[in-house]
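# Breakdown of the fold
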Amino acid sequence: CVAELAGCVLDAARYVPGGTNDDGPPPPAFDKDHPLPMRFVTAASNLRSAVFGIEPLQSYYDAKGIAGNIIPAIATTNAIVAGLQVLQAVHVLR
C-alpha cells in the first residue's frame, strides 16, 4: 500500500512545472476516468484500510465504481435538501 501510494506521488510530481510528463496534461479537476487520480485514491484508501484493519482492500475498479456513484448521490441529496427548505419556507410564510 505504501509503495503504491509513493509511486502515485512520484508520478504526480511529473505534472509539477518543470517535471517530465509523457502522459499529456493533468486533468483540471478530479476525474474518475484519469488513471493517476484513481490510482492515488485507491492507494490512499487501501493504506487507510490497512492501518485501521478494514477488510477487504479495494481494487482499482471497485474504487472507480464508487467514485462514479458519488456525484449522483450528491446531486440527489442536494435536491432533497432543497425541497425540504422550500417546504419549510412555505410553512413559515403561512
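For the structure itself, look to the data block above.
As a starting point, this report considers the structure included with it. This structure is a prediction, so every number in the text was calculated from the model and none was measured.

## Points about the overall build of the protein chain
- Broken down by element type, the protein chain carries 3 helices and 0 strands.
- Secondary structure elements of the protein chain, listed N to C terminal, follow the sequence α-α-α.
- Restricting the contact set of the protein chain to residue pairs at least 6 apart, pairs at least 24 apart contribute 48%.
- For the protein chain, the computed accessible surface area is about 6,900 Å², with 67% contributed by carbon and sulfur atoms.

## Description of the environment of L36
- With respect to the helices, strands and loops of the structure, L36 is situated in helix α2 (residues 35-52).
- Along the backbone, L36 and A12 are 24 residues apart, and their C-alpha atoms lie at a distance of 7.3 Å.

## Details of the pattern of salt bridges
- Across all of its chains, the model carries 2 salt bridges by this definition.
- One salt bridge connects K64 with D33, and the closest N-O pair in it is separated by 3.8 Å. Pair noted here: K64 is in helix α3 (residues 60-93) and D33 is in the loop between α1 (2-13) and α2, with a separation of 31 residues, a long-range link.

## A short note on the environment of Y61
- Here Y61 is to be found in helix α3.
- Of the residues examined, Y61 reaches a relative accessible area of 63% and is grouped as exposed.

## Overview of the side chain of S49
- Its location among the elements puts S49 in helix α2.
- Classification of S49 as buried rests on a relative accessible area of 12%.
- If near-sequence neighbours (up to four positions away) are discounted, S49 is found in contact with I54 and L57.

Basis of the calculations
Residues numbered from 1 in each chain as written. Predicted model: local features only at pLDDT ≥ 70, side-chain atom pairs only at ≥ 80, totals over all residues. Heavy atoms only, no water. Helix = DSSP H or I, 4+ residues; strand = E, 2+ residues; numbered from the N terminus. Contact = heavy atoms within 4.5 Å. Areas by Shrake-Rupley, 256 points an atom, 1.4 Å probe, with all protein chains shown as cover. Salt bridge = Lys/Arg side-chain N within 4 Å of Asp/Glu carboxyl O. Buried < 20%, exposed > 50% of the residue type's maximum accessible area, 1.4 Å probe, protein only.

In short, geometric facts, not functional conclusions.
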